[in-house]
Amino acid sequence: MDATGDTTPSRETYPVIEDQLTPPALPGTVVVLETADEVIDRVAGDLVAHAEQCVRDHEEFHIALSGGSTPEPLYRRLMYDPDFRRLPWRRTHLWIVDERCVELDDELSNYKMIRETLVEHADIPPEQVHPIAATDPDADVAYERGFKQAMLYRPAGEDRLDYVLLGLGSDGHTASLFPGSSALAEPHRLVRRVHHEPVQPPDRITMTFNLLNAARMIGVLVTGTSKAATIQQIATGSDPVEVLPIRGIAPHNGELLWYLDAAAAGQSREEPPCAQTSKV
Ligand code: 6PG
C-alpha cells in the first residue's frame, strides 16, 4: 500500500519487458526462445503432452526422429529430466526419419546416436523400435512396407505418424531431402533411396514429403548461428522447394511448429567479439 492507500503495484515495481524476441515469418507456429536449452525444454514439454494425448486417442504413439547433432541434447533431456520421463514409451513406436547407408553401429548412423541417447534408456519394447537397415538393397521398400503394416490397426485417415521431429541443414535440406533431388517431387512413395554427392555418405534412405506431411504434428528444431541465414532465406525469400527443400514441409491435416533459439532466429544478444575491450 502507498501513501494514498492505493494497493495497486506501481509500474516501476513491475517494469514492462519490451525486448521480446520476434519470430521470423515462417509457416506455422514459431517459438523463439533465448537459449537452446530453453528451446529443448519447450519441445520436450510439447512432445510429452502430445504423446499422452495420442495414446488416449489411439492407444499407441508413433514418432519419427531425425539424426544430426541438433536433437541430441533433446533426446538426452527426455531421458534424464524427471519432468519428461513420463512420455509413454511402452506405448510408443519409434521410426527414423532418414538414415545414412552405413551399418547400424557405424559412427555416422543416425540410429546409433538415437539408440545410445534414448532407446537404451527408455522402457520402449524392442519390437516397437524401427531402425532402417539402410545397407540392404531394398531398404526403402521394406521400411515403407513395415510402416504400412504397423498402421493397419488404425482407421483410414488416422494411419499416419503422430509426431515428426525434423532438423534443418544450412543448405535448406530436411530429412535427407536435398536440393535438386528427384525425391522432392516423389508422387507416391513414402520412403525413398537418395544419392547426394556433397554429403557423407552420399547414399541415404529418407521419408518423403508424402509421409512427413501426413503427420499429426511436425516439430522443426533449429539452433545456432550457423542456421540463421537459412532461416532468414526461408522467411523472406521465394526460393522453390527444389532449392530450399524445407519449404516442402506443409502438413495436410496437422500442426507445424518451429522451435528456434535466438541465434538461429538471427537475434542473438551476445556481444560480437570486436565489441569486447581489448587489453592490447
Ligand atoms: C541427418 C539428418 C538431417 C539433419 C540436418 C541437420 O541425417 O543428418 O536427419 O536431416 O536433421 O542435416 O543436421 P544438424 O542437426 O547436424 O545440423
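The structure under discussion appears in the preceding block.
Residues numbered from 1 in each chain as written. Predicted model: local features only at pLDDT ≥ 70, side-chain atom pairs only at ≥ 80, totals over all residues. Heavy atoms only, no water.

K.L.:
Please explain the pattern of salt bridges as it appears in this structure.
P.N.:
Where charged atoms from two side chains of opposite charge approach closely, those side chains can pair. For the coordinates displayed, the defined rule picks out 14 salt bridges. With its nearest N and O atoms 3.2 Å apart, the salt bridge here joins Glu 144 to Lys 148. In this pair, Glu 144 and Lys 148 are both assigned in helix α4 (residues 139–150), four residues apart and thus about one turn of the helix distant. Since its relative accessible area comes to 9%, Glu 144 is described here as buried. A cluster of three or more residues bridged by salt bridges with shared partners is formed by Asp 140, Glu 144, Lys 148 and Arg 189. (Salt bridge = Lys/Arg side-chain N within 4 Å of Asp/Glu carboxyl O. Helix = DSSP H or I, 4+ residues; strand = E, 2+ residues; numbered from the N terminus. Buried < 20%, exposed > 50% of the residue type's maximum accessible area, 1.4 Å probe, protein only.)

K.L.:
Could you clarify how one ought to interpret helix α6 (residues 228–236) in this entry?
P.N.:
Turn by turn, an α-helix covers 3.6 residues, leaving residues three or four places apart pointing in a common direction. Every buried residue of α6 is listed here: Ala 228, Thr 230, Ile 231 and Ile 234. For α6, the angular spread of buried residues about the axis comes to 160°, placing them on one side. Seen from the open side of α6, the exposed residues pointing more than 90 degrees away from its buried face are Ala 229 and Thr 236. The inward-facing, buried residues of α6 contact β9 (217–222) and β10 (255–261). (Arc of directions from axis to C-beta. Contact = heavy atoms within 4.5 Å.)

K.L.:
Is there a simple way to think about the layout of surface pockets in this case?
P.N.:
Summary: where empty space remains is shown by rolling a probe the size of a single water molecule over the atoms. The computed volume of the largest pocket comes to approximately 310 Å³. Taken together, 20 residues line the largest pocket, and the ones lying closest to its centre are Gly 67, Gly 68, Arg 100, Leu 168 and His 173. By volume, the second largest pocket amounts to about 180 Å³. Along the walls of the second largest pocket sit 13 residues, with Phe 147, Asp 159, Arg 160, Leu 190 and Leu 211 positioned nearest its centre. (1 Å grid on protein atoms, 1.4 Å probe; cavity = no way out; pocket = protein on both sides within 12 Å on 5 of 7 lines; lining within 4 Å. Points joined across faces, edges and corners; volume = space filled by probe spheres on them.)

K.L.:
What should I look at first to understand the environment of Leu 165 in this one?
P.N.:
Considering the arrangement of structural elements, one finds Leu 165 in strand β6 (residues 163–166). Classification of Leu 165 as buried rests on a relative accessible area of 2%. Taking the C-alpha atoms as reference points, Leu 165 and Met 217, 52 residues apart in sequence, are found 8.7 Å from one another.

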